[in-house]
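Observations on the model geometry
One letter stands for each residue in the lines below.
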Amino acid sequence: MAALSQGSGRRHLVFVQHAAGRRRLSARSVPTTSFLLCGRNVMSSALETLRRDFGGDIIEPGGAEYESASRSVLSSGSPAYVLRPESVGDVQAGVRFAAGAGLVLSVRGGGHGFAGFGTNDGGIVIDLSRLANVELIDKERHLVRIGGGATWGQVAAALAPHGLAISSGDTKSVGVGGLTLTGGIGWKVRKYGLALDNVVAAEVVTADGEVLHASAQDNPELFWAIRGGGGNVGIVTAFEFAAHPTTDVFYGKISFPASEAAAVLQGWADYLRTAPEELTSIASFANPFAGGPEAPVEIHLAFDGDDTELATKAIDPIRRLGTVIADDVALKPYADTLVDGVTPPPGIRLVTRSAFVDRESVPEVLQILAEVGASEGSPFIAVRSVGGAVARVPDDATAYAHRRAELMFVTTTAGPAPVVEAAGPALEAIWARLAPHVNGAYANFLASATEEDVAAIYPAQTYERLAAVKRQYDPGNLFARNHNVRPQ
């Protein structure tokens, strides 16, 4: 983790982070003791500077809060330091410390990432949870400024008294930052688009510790990259969103017998193609906690409006898809559509995998998924309707690259590590069967971060453009704990 510089006839060790494209230098000409002492001195100096400049909490191993602070919702870790900034200045100090110390850096918003990016072993975690203010900054234009560490539950609760909402995810405890930077498919997606489609500006701390304003007018390439490019180009400490007026919404689920899965799924997809964009829906089945292959097919839905007649007209075609065995759709505040997140018990792993489906492949994919769901050992399957407002955004307007997809689906396998590992070959067989009919991947529902995953999230043209932005704002790849785009 060292680079050797020459100056004044003496050799000096300067600690930097290794990155793709940088030369690794041998320490053969430097005595080992001197090398290690210099490293300790650099770390000590960097830590001293951090303690001077950082106004938040610095949590270290052995501290009272370390055990909880070291883990994210879905992953455990043992970082050397967990930093909880109180201000943007603190984030700058944390970034400079990470860069100067040459340690792995994780950035944590809500901490729900399936791939475990929100923690690490031996590195630094910047936990943004205290940067969570939600402020209506322009009532006429419904502009809302939201801290990068806020959760969607906090946002929905803060906006409800103003009669406003933002198209977001569907879980209260999920972070605004993590969801928005890579997409945001929620209960208003077909009418108002992805969460990232509603971002109008952002405050970003870059790898050199500088603060930049990103918008269509200011640093437009950076603005393009943060809308879909994940955490690759900086830490977003605040977003500005364009919210929209909202009423109560009709929300709930309609359930059908597992035996009718194939017909219900095909009819559901066909109807969503022409349904009012106020209607957004998710079909889920093969729930292992509700009977596995015998679990009912649940059509979860939200109708964005409080007009009973219009809602009934939009929802009734779903009720006619099969034999309804449960129906709890009711009018409720939009904030109540967001559910509480579940933290798995210790030792339980969640393996998620996702893909997109274009219109012409919908029948084949749904047929395969229905057959898989009816078999023993099936993963839990959820299929989300997209289209609508998402598809009206030009393909190159943001770094989210899957605008033409009609559906996005997710498979989830859960259990102790041996159970999950034993299920691996069967899961691979399922995905091999699906492969000819699906494309891409949705980063928010991926438990892995392989080169293949990154290529699925970012097609070649998108990747190349992101790499150029990365090279400008993070040439050393400090922000590498993500579905990583390397600077080129």
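Read on for a plain summary of the structure. (Residues numbered from 1 in each chain as written. Predicted model: local features only at pLDDT ≥ 70, side-chain atom pairs only at ≥ 80, totals over all residues. Heavy atoms only, no water.)

1. Side note on unusual backbone geometry
Outside of glycine, negative phi angles account for most residues, and trans bonds account for most peptide bonds. Positive phi values are uncommon outside glycine, yet H142 reaches one of about 60°. Judged by relative accessible area, which is 23%, H142 ranks as partly exposed. Even without glycine at this site, N219 takes up a positive phi of about 50°. Looking at the secondary structure, you find N219 in the loop between β11 (211-215) and α7 (220-226). On the basis of relative accessibility, which here comes to 28%, the residue N219 falls in the partly exposed class. (Buried < 20%, exposed > 50% of the residue type's maximum accessible area, 1.4 Å probe, protein only. Helix = DSSP H or I, 4+ residues; strand = E, 2+ residues; numbered from the N terminus.)

2. Here's the deal with the nonpolar core
Of all hydrophobic cores here, the largest spans 51 residues; its most connected members are I146, W152, V155, I166, V176, I226 and F241. The residues contacting I226, other than those within four sequence positions of it, are T180, L181, A202, V204, V233 and V236. Counting residues in each nonpolar core, the second largest holds 42 residues, with A261, A275, F285 and L427 among its members. (Core = buried A, V, L, I, M, F, W, Y, C linked by side-chain atoms within 4.5 Å. Contact = heavy atoms within 4.5 Å.)

3. Brief notes about a negative patch on the surface
Taken together, the side chains of D248, D306, D307, E309 and D336 make up a negatively charged region of the molecular surface. Counting through the fold element by element, D307 comes out in the loop between β16 (297-303) and α9 (308-319). (Patch = residues over 30% accessible without salt bridge, like charges linked within 9 Å, V, L, I, M, F, W, Y side chains within 5 Å. Areas by Shrake-Rupley, 256 points an atom, 1.4 Å probe, with all protein chains shown as cover. Salt bridge = Lys/Arg side-chain N within 4 Å of Asp/Glu carboxyl O. Lys, Arg positive; Asp, Glu negative; His and termini not counted. Charge placed at Lys NZ, Arg CZ, Asp CG, Glu CD.)

4. Looking at the packing of aromatic side chains
For the structure on display, the rule yields nine aromatic pairs. Relative to F445, the ring of F114 has its centre 5.7 Å away and its plane inclined at 35°; by these criteria the two rings are tilted. Separated by 331 residues along the polypeptide, F114 in the loop between β5 (105-108) and β6 (124-127) and F445 in the loop between α12 (424-434) and α13 (451-457) bring together distant segments of the chain. Their ring planes at 45° and their centres at 5.9 Å tell us that Y442 and F445 sit as a pair that is tilted. There is no split in this pair, since Y442 and F445 are both buried. In textbook terms, an aromatic cluster arises when at least three aromatic residues are bridged by ring pairs, as seen for F114, F356, Y400, Y442 and F445. Its guanidinium or amino end placed over the ring of F223, R227 lies 3.8 Å from that ring's centre, counting from NZ or CZ. Of note, R465 hangs over the ring of W224, and the distance from its end group to the ring centre comes to 4.0 Å. (Phe/Tyr/Trp six-rings, centres within 6.5 Å; stacked < 30°, edge-to-face > 60°. Lys NZ or Arg CZ within 6 Å of the ring centre and 35° of its normal.)

5. Overview of the packing of helix α8 (residues 261-272) against helix α10 (residues 362-373)
It is at 9 Å that the axes of α8 and α10 come closest, and there the two elements cross at 150°. Our classification of the angle between α8 and α10 gives roughly antiparallel. Crossing of α8 over α10 shows right-handed handedness. Contacts between α8 and α10 involve A262, L265, Q266 and A269 on the former and, on the latter, V362, P363, L366, Q367 and A370. Looking at the contact of α8 with α10, its residues break down into seven nonpolar, two polar and no charged. (Axes fitted to C-alpha atoms, helices over the stretch in contact; angles between N-to-C directions. Parallel < 35°, antiparallel > 145°, perpendicular 65-115°, else oblique. Left-handed = near helix turned anticlockwise from the far one by under 90°. Nonpolar A, V, L, I, M, F, W, Y, C, P; charged D, E, K, R; others polar.)

6. Examining the environment of A157
Among the secondary structure elements, A157 is positioned in helix α4 (residues 152-159). As a C-alpha pair, A157 and D336 span 179 residues in sequence and 9.2 Å in three-dimensional space.

7. Describing the pattern of salt bridges
Across all of its chains, the model carries 29 salt bridges by this definition. For R51, the salt bridge identified is with E60, shortest N-O distance 2.7 Å. Judged by its relative accessible area of 42%, R51 falls in the partly exposed class. Residue D57 pairs with R130 through a salt bridge whose shortest N-O separation is 2.7 Å. Of this pair, D57 sits in strand β3 (residues 57-59) while R130 is found in the loop between β6 and β7 (134-138), placing the two residues 73 residues apart along the sequence. The class for R130 is partly exposed, based on a relative accessible area of 34%.

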